[in-house]
Amino acid sequence: MLVRLQLITILIIIPNIAGSVELPVPLERYDLARNIRYIEDPSHKLTIRDVRQLTDWKHSRQAVFNQGYNDSSWWLKVSIDNTQSNSNEYYLEIAYAVIDYIEVFFVQNDKLEQHIETGDKAPFQNRLIQHRFFIIPVNIQEDESLDLYLKIKTSGSVQVPLVLWDKEQFLTHESRTTILNGLFFGTMIIMFLYNGLICIILRSKTYLFYIGYVISMVIMLAGMGGYSFQYLWPNGTQWNDQSILVALSCIAIFGILFSQNFLQIQNYTRLANTLSNVLIVCALSIFLLSFFVPYAQLIREMVVLAIISCIFMFITAIYCYLKGATAAKYYIAAWSFMLVGCTVLALNKLGILPSVLLTEYAAHIGSSIEVMMLSFALAEKINREKRLRILAQEQALSIQNKYNAKLESTVAARTQELEALNSQLLQLSTTDSLTGLKNRRYLDQYLTEELARLARSQRPMAVLLLDIDHFKQFNDSHGHLAGDECLKRVALSLESCIRWPSDRATRYGGEEFCIVLPETHAEDAQNVAERIRNKIETQKIEWEGKAISITVSIGVQIAGQDFQGSPTNLLSLADQALYASKQNGRNQVTLSSVTC
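The sections below set out a description of the structure shown in this document.

The next thing to look at is the overall build of the chain. Counting its regular elements, the chain contains 19 helices and 20 strands. A buried classification covers 48% of the 596 residues belonging to the chain. Taking as baseline every contact in the chain between residues at least 6 positions apart, the subset at least 24 positions apart corresponds to 73%. With the model as given, the accessible surface of the chain reaches about 29,800 Å², and the carbon-plus-sulfur share is 57%.

Structure representation (structure tokens):
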């Protein structure tokens with residue numbers, strides 16, 4: 001144990017020994033992170049000749065070399081000893097796709113043998129090996145040593161996952177990785193297409209925001225993984241960085257909009273709804289600025305905003321759930337995975353967490369689970385709303401059935417009026433607001449229908465036209481309010497005197513009323529008119545302590561089976577009979593002598 005501690009101490013004190021890599025036999029994959037020595041160059045002035053002469057190299061103890069966001073250049077050094085009995089071809093993999101500038105220097109026997117420049121600021125086709133990451137061929141002869149110097153400068157997070165691969169093993173690993181990434185992006189695209197079709201069918205804003213969120217997530221992760229640069233814009237070196245910033249801001253915008261609509265936040269907390277709108281404005285501002293401001297000046301702010309948005313929406317969802325939002329439980333379960341994934345990725349980019357497989361793919365794992373769970377949640381929400389609609393329809397149908405049963409048990413003949421009763425607009429447009437009787441518009445329509453039926457049935461119809469006697473003097477003496485009360489009392493008397501549901505009492509206009517009596521002969525019509533006249537004459541109107549009497553004059557016109565005129569003609573004949581009643585002294589009924 002003591003010997004082991006002494007050996008560890010020596011390795012720490014002597015960086016040249018600690019940084020040396022002795023290749024295992026056989027070599028499949030070797031992580032060089034623990035063997036990296038580094039120097040920071042804030043001035044960007046050091047050259048390979050300068051750094052080879054420096055002795056103050058620091059030994060990296062991270063699982064992956066990670067310095068977060070900064071503006072310095074970084075020099076890395078790894079010494080490799082090949083003790084194998086053959087000279088295999090190796091690949092040096094820098095497994096981080098968004099490094100701006102990379103220079104690799106090969107030094108053997110204290111001589112610079114090769115210098116390679118790469119990075120995502122150079123067109124993709126300039127790479128030695130066409131791969132989404134940076135792959136550098138390395139040849140080390142048997143029993144030879146190689147010093148690798150790397151110069152790194154980037155506007156994003158300074159991460160250098162450095163791995164030395166056996167060529168064949170790398171190709172095998174790459175095929176597996178491609179399959180896994182294909183499954184991930186395939187799942188995301190399927191979710192996008194599936195929910196996009198539902199969005200088109202339902203025309204739902206919630207689904208629209210959701211698919212915007214999904215496609216933004218795909219673009220961001222494809223950019224971070226180097227797929228966008230390889231397949232979509234291999235020459236768009238500037239846009240390659242900006243696309244990540246644009247995608248991140250769109251994730252925040254669509255994610256918050258989706259959360260607002262899915263959770264119905266405004267119904268539970270106005271403060272959270274207002275704060276979420278502020279976050280949307282901030283993300284939208286970064287989205288717009290990303291087209292004009294360099295990536296390096298905005299990415300830190302966007303990462304911080306993304307973390308705040310994730311945490312804020314998660315807390316808001318919990319609050320809404322506690323306030324009774326049932327849909328929030330699905331959201332919380334789904335967002336938990338995304339929150340953890342994005343937070344881990346963001347902390348990784350800020351240099352707080354090391355770059356290992358779990359942190360690098362945390363967002364992929366979290367987002368894929370979240371997207372599927374949210375898709376299920378949306379489907380469940382639609383099903384729940386469908387069930388509520390069906391329940392409401394069943395309740396409405398039950399009420400309607402009870403109402404119909406009651407209506408049929410009391411007045412079977414009123415089935416013709418159901419359509420009018422079910423339409424409030426039609427009711428308002430055909431009813432006099434003062435008396436509650438049907439108005440002139442309804443009278444014209446009803447007379448047209450009854451005359452058509454008369455032509456078919458060959459049975460007579462009577463029309464009574466009624467006018468309140470001296471109504472103008474009544475208004476002048478007692479006021480318009482008393483006049484309105486008079487009209488209402490007359491309307492009530494008319495309704496109490498009609499015989500059948502098919503009889504219609506309507507307000508003709510002013511102080512005039514019209515009663516239509518289908519299938520009624522002259523004698524019956526005159527009896528009804530006398531009953532109306534007598535009832536109005538005998539009743540008193542109580543107004544301001546006075547009992548006031550009123551009378552009416554009535555004209556009766558019978559339309560026989562040979563009548564060929566219009567409703568206007570029929571009303572005109574009835575009006576002539578009414579005029580005769582007034583001319584003969586009022587308060588009487590006149591049966592028209594005109595046969596029609």
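The next subject is the pattern of salt bridges. A full pass over the atoms with the stated rule returns 13 salt bridges. We note a salt bridge from Arg453 to Glu450, for which the minimum N-O separation is 2.8 Å. Note that Arg453 and Glu450 are positioned in helix 15 (residues 440-457) at a spacing of three residues, about one turn of the helix. The class of Arg453 is partly exposed, set by a relative accessible area of 27%. Given the relative accessible area of 8%, Glu450 is considered buried. Note that Asp469 is salt-bridged to Lys582, the shortest N-O span being 3.6 Å. Note that Asp469 is positioned in the loop between strand 14 (461-468) and helix 16 (471-478) and Lys582 in helix 19 (residues 567-583), a separation of 113 residues in sequence. Within the structure, one salt-bridge network assembled from shared partners comprises Asp467, Asp469 and Lys582.

Moving on: unusual backbone geometry. Notably, Gln458 is not glycine yet its phi reads approximately 60 degrees, a positive angle. Along the polypeptide, Gln458 turns up in the loop between helix 15 and strand 14. Since its relative accessible area comes to 36%, Gln458 is described here as partly exposed. Phi angles above zero are rare outside glycine, and Arg586 is one such case at about 65 degrees. Inspection of the secondary structure assignment puts Arg586 in the loop between helix 19 and strand 20 (589-591).

Judged by pairing direction, the sheet is mixed, and its five strands sit side by side in the order 15-16-14-19-20 without closing on themselves. Each having just a single partner strand, strand 15 (504-509) and strand 20 make up the two edges of the open sheet. Adjacent strand axes in the sheet meet at a mean angle of 20 degrees when their direction is disregarded. Across the sheet, helix 18 (residues 522-538) lies against strand 14, strand 16 (512-517), strand 19 (552-559) and strand 20, angled at about 165 degrees from strand 19, the strand it touches most. Sheet strands touched by helix 19: strand 14, strand 15, strand 16, strand 19 and strand 20. Its angle to strand 19, the strand with the most contacts, is close to 140 degrees.

Its location among the elements puts Arg533 in helix 18. Residue classification places Arg533 among the buried residues on the basis of a relative accessible area of 14%. Polar side-chain contacts of Arg533 include one of 3.0 Å to the side chain of Glu537. A distance of 3.2 Å separates a polar atom in the side chain of Arg533 from a polar atom in the side chain of Asn587. Those residues in contact with Arg533 that sit more than four places away from it in its chain are Val552, Ile554, Asn587, Gln588 and Val589.

Another point: helix 5 (residues 205-224). Taking 1.5 Å as the rise per residue, helix 5 with 20 residues should run 28 Å; its terminal C-alpha atoms sit 29 Å apart, in good agreement. Judged by how many residues are buried, helix 5 sits mostly within the fold: 16 of 20 residues are covered. Just beyond helix 5, the residue with positive phi is Gly226, at close to 85 degrees.

Relative orientation of the contacting elements helix 7 (residues 237-263) and helix 8 (residues 270-289) amounts to 160 degrees, with a least axis distance of 9 Å. Taken together, the axis directions place helix 7 and helix 8 in an arrangement best described as roughly antiparallel. Considering the relative orientation of helix 7 and helix 8, their crossing is left-handed. In this structure, helix 7 uses Leu245, Val246, Ser249, Cys250, Ala252, Ile253, Ile256, Leu257 and Gln260 to contact helix 8, whose residues at the interface are Asn273, Ser276, Asn277, Leu279, Ile280, Ala283, Leu284, Ile286 and Phe287.

Turning next to the nonpolar core. Counting residues in hydrophobic clusters, the biggest one holds 97 residues, and the most contacted among them are Leu76, Ile152, Leu162, Leu164, Met220 and Tyr331. Residue contributions to this core peak at 13 residues, all from helix 9 (residues 295-322). Not counting residues within four places of it along the chain, the set of residues in contact with Ile152 comprises Ser72, Ser73, Trp74, Leu76, Ile99, Tyr101, Ile102, Val158 and Val160. Residues Leu466, Phe513, Ile554 and Ile558 belong to the second largest nonpolar core, which totals 31 residues.

Here we take up the sheet that holds strand 10 (residues 134-139). Think of a sheet as strands paired side by side through backbone hydrogen bonds, with each pair either parallel or antiparallel. Taken together, four strands build an open sheet; the order of strands is 2-13-7-10 and the sheet is antiparallel. Only two strands of the sheet have a single partner each, and these edge strands are strand 2 (29-31) and strand 10. Going across the sheet, the axis of each strand differs from the next one's by a mean of 25 degrees, ignoring polarity. The sheet contacts of helix 4 (residues 167-202) involve strand 7 (89-94), strand 10 and strand 13 (162-166), and relative to strand 13 the element is tilted by about 110 degrees.

So, on to the packing of aromatic side chains. Taken as a whole and assessed by the stated rule, the structure comprises 19 aromatic pairs. Summarising the aromatic geometry, the rings of Tyr210 and Phe258 are spaced 5.4 Å apart at their centres and angled 45 degrees between planes, so their arrangement reads as tilted. With Tyr210 in helix 5 and Phe258 in helix 7, the pair connects residues that are 48 residues apart, well separated along the chain. This pair shows no difference in class: Tyr210 is buried, exactly as Phe258 is. Each member of the aromatic cluster is reached from another via a ring pair, and the members are Phe184, Phe185, Tyr227 and Tyr231. Positioned above the aromatic ring of Phe133 is the side chain of Arg132, whose terminal nitrogen or guanidinium carbon lies 4.2 Å from the ring centre. In this structure, Lys438 packs its charged tip against the face of Tyr442, placed 5.0 Å from the ring centre.

Rules behind the numbers
Residues numbered from 1 in each chain as written. Predicted model: local features only at pLDDT ≥ 70, side-chain atom pairs only at ≥ 80, totals over all residues. Heavy atoms only, no water. Helix = DSSP H or I, 4+ residues; strand = E, 2+ residues; numbered from the N terminus. Buried < 20%, exposed > 50% of the residue type's maximum accessible area, 1.4 Å probe, protein only. Contact = heavy atoms within 4.5 Å. Areas by Shrake-Rupley, 256 points an atom, 1.4 Å probe, with all protein chains shown as cover. Salt bridge = Lys/Arg side-chain N within 4 Å of Asp/Glu carboxyl O. Pairing = 2+ DSSP bridges. Axes fitted to C-alpha atoms, helices over the stretch in contact; angles between N-to-C directions. Polar contact = N/O pair within 3.5 Å; in protein donor to acceptor, adjacent residues only side chain to side chain. Expected span 1.5 Å × (residues − 1). Parallel < 35°, antiparallel > 145°, perpendicular 65-115°, else oblique. Left-handed = near helix turned anticlockwise from the far one by under 90°. Core = buried A, V, L, I, M, F, W, Y, C linked by side-chain atoms within 4.5 Å. Phe/Tyr/Trp six-rings, centres within 6.5 Å; stacked < 30°, edge-to-face > 60°. Lys NZ or Arg CZ within 6 Å of the ring centre and 35° of its normal.

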